[in-house]
Amino acid sequence: MVFSAILNTNGKIGYLLLNSTSLIEYVAPEYMIYEVKKYFSKIEKITNKPFDEIERIYASTIKNVQLISESEIPFQHWITAEEIVSGIDPNDTPYVAFADFMGVKIWTGDKALRAGLTKKGYDITITTDDLYEFQKRSFLK
C-alpha cells in the first residue's frame, strides 16, 4: 500500500495513510521497508520525480506506521504463515505471520492473495475501499 501511496499521495491509499491515523492504527513488519525501497528506481521512472522527493514522500507516508521487527514474531507464527501461503505467494509469508501474531488484518490490493486466503478459509485481509468507507463513516458520526 505504501508503494501506491508514494505513486499518488492524493489517492485513497495516500489519503488513508496520511489522514486517518486518529481512527486506524497502522502496523507493519519491518520487511515492508525493504519491499518498498527496492522499487524506488521504478517509482522514480513512473512518477518522473527525483529520488530525494520520493524519499521525502516515503518518509511522510510511513511516519504513522508502527514497524515491528520480524524477530519479535514467534517461530510458530512463521510456520503457520508458510502453511497458509503455500500455493498462493511465499513472498507474503512475513505479512501473514505478522497478521497471525498481531491478530490484525492485512491491508492489501493483491487480489490473488485475497482470493487464495479466502479460498483456504482465512478472512484476514481488508481492502482500501473497506478502510476508506470505515474512515468516512467514522468522520460522519
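Residues numbered from 1 in each chain as written. Predicted model: local features only at pLDDT ≥ 70, side-chain atom pairs only at ≥ 80, totals over all residues. Heavy atoms only, no water.

Time to look at the packing of helix α6 (residues 75–85) against helix α7 (residues 93–102). Put simply, α6 and α7 touch, their axes get as near as 8 Å, and they point 125 degrees apart. Taken as axis vectors, α6 and α7 run oblique relative to one another. As for how α6 packs across α7, the hand of that crossing is right-handed. Side by side, α6 and α7 meet where His77, Trp78, Thr80, Ala81, Glu82, Ile84 and Val85 of the first sit next to Thr93, Pro94, Val96, Ala97, Asp100 and Phe101 of the second. (Axes fitted to C-alpha atoms, helices over the stretch in contact; angles between N-to-C directions. Helix = DSSP H or I, 4+ residues; strand = E, 2+ residues; numbered from the N terminus. Parallel < 35°, antiparallel > 145°, perpendicular 65-115°, else oblique. Left-handed = near helix turned anticlockwise from the far one by under 90°. Contact = heavy atoms within 4.5 Å.)

A separate point is the nonpolar core. Counting 34 residues, the largest nonpolar core has Val2, Ile6, Leu17 and Met32 as its most contacted members. Considering each element in turn, this core owes the most residues, 5 residues, to α7. (Core = buried A, V, L, I, M, F, W, Y, C linked by side-chain atoms within 4.5 Å. Buried < 20%, exposed > 50% of the residue type's maximum accessible area, 1.4 Å probe, protein only.)

Let us now look at the environment of Glu70. Here Glu70 lies in the loop between β2 (65–68) and α6. With 28 residues separating them in the primary sequence, Glu70 and Phe98 have C-alpha atoms 7.7 Å apart. Not counting residues up to four positions away in its chain, the partners in contact with Glu70 are Pro29, Glu30, Tyr31 and Trp78.

This part is about helix α2 (residues 12–19). All of the buried residues in α2 are Ile13, Gly14, Leu16 and Leu17. Buried residues in α2, looked at end-on, bunch into an arc of 165 degrees, giving them a common side. (Arc of directions from axis to C-beta.)

Look at helix α4 (residues 40–47) against helix α5 (residues 51–62): their axes get within 10 Å of each other, and the N-to-C directions meet at 110 degrees. Of the possible angle classes, the one that applies to α4 and α5 is roughly perpendicular. Residues Phe40, Ile43, Glu44 and Thr47 of α4 lie in contact with α5, whose contacting residues are Phe51, Ile54, Glu55 and Tyr58. By residue class, the composition of the contact of α4 with α5 is 5 nonpolar, 1 polar and 2 charged. (Nonpolar A, V, L, I, M, F, W, Y, C, P; charged D, E, K, R; others polar.)

Take the side chain of His77 next. Position of His77 relative to the elements: it lies in helix α6. Within the structure, the side chain of His77 is placed 2.6 Å from the side chain of Asp100, a separation counted as a polar contact. Apart from residues lying up to four places away in sequence, His77 is in contact with Ala97, Asp100 and Phe101. (Polar contact = N/O pair within 3.5 Å; in protein donor to acceptor, adjacent residues only side chain to side chain.)

In this section: a nonpolar patch on the surface. Among the surface-exposed residues, Phe101, Met102 and Val104 lie close enough to one another that they form a single nonpolar patch of about 200 Å² accessible area. Note on placement: Met102 falls in helix α7. Looking at Met102, the relative accessible area reads 33%, which means it is partly exposed. (Patch = residues over 30% accessible without salt bridge, like charges linked within 9 Å, V, L, I, M, F, W, Y side chains within 5 Å. Areas by Shrake-Rupley, 256 points an atom, 1.4 Å probe, with all protein chains shown as cover. Salt bridge = Lys/Arg side-chain N within 4 Å of Asp/Glu carboxyl O.)

Overall, the coordinates contain 7 aromatic pairs when judged by the stated rule. Judged by centre distance (5.7 Å) and plane angle (80 degrees), the rings of Phe3 and Tyr39 are edge-to-face. Residue Phe3 is located in helix α1 (residues 2–7), and its partner Tyr39 is located in the loop between α3 (31–37) and α4; the two are separated by 36 residues in the primary sequence. Residue classification places Phe3 among the partly exposed positions, given a relative accessible area of 23%. For Tyr39, a relative accessible area of 32% translates into the label partly exposed. Considering the side-chain rings of Phe40 and Phe51, the 5.5 Å spacing of their centres and the 70 degrees angle between planes classify their relative orientation as edge-to-face. (Phe/Tyr/Trp six-rings, centres within 6.5 Å; stacked < 30°, edge-to-face > 60°.)

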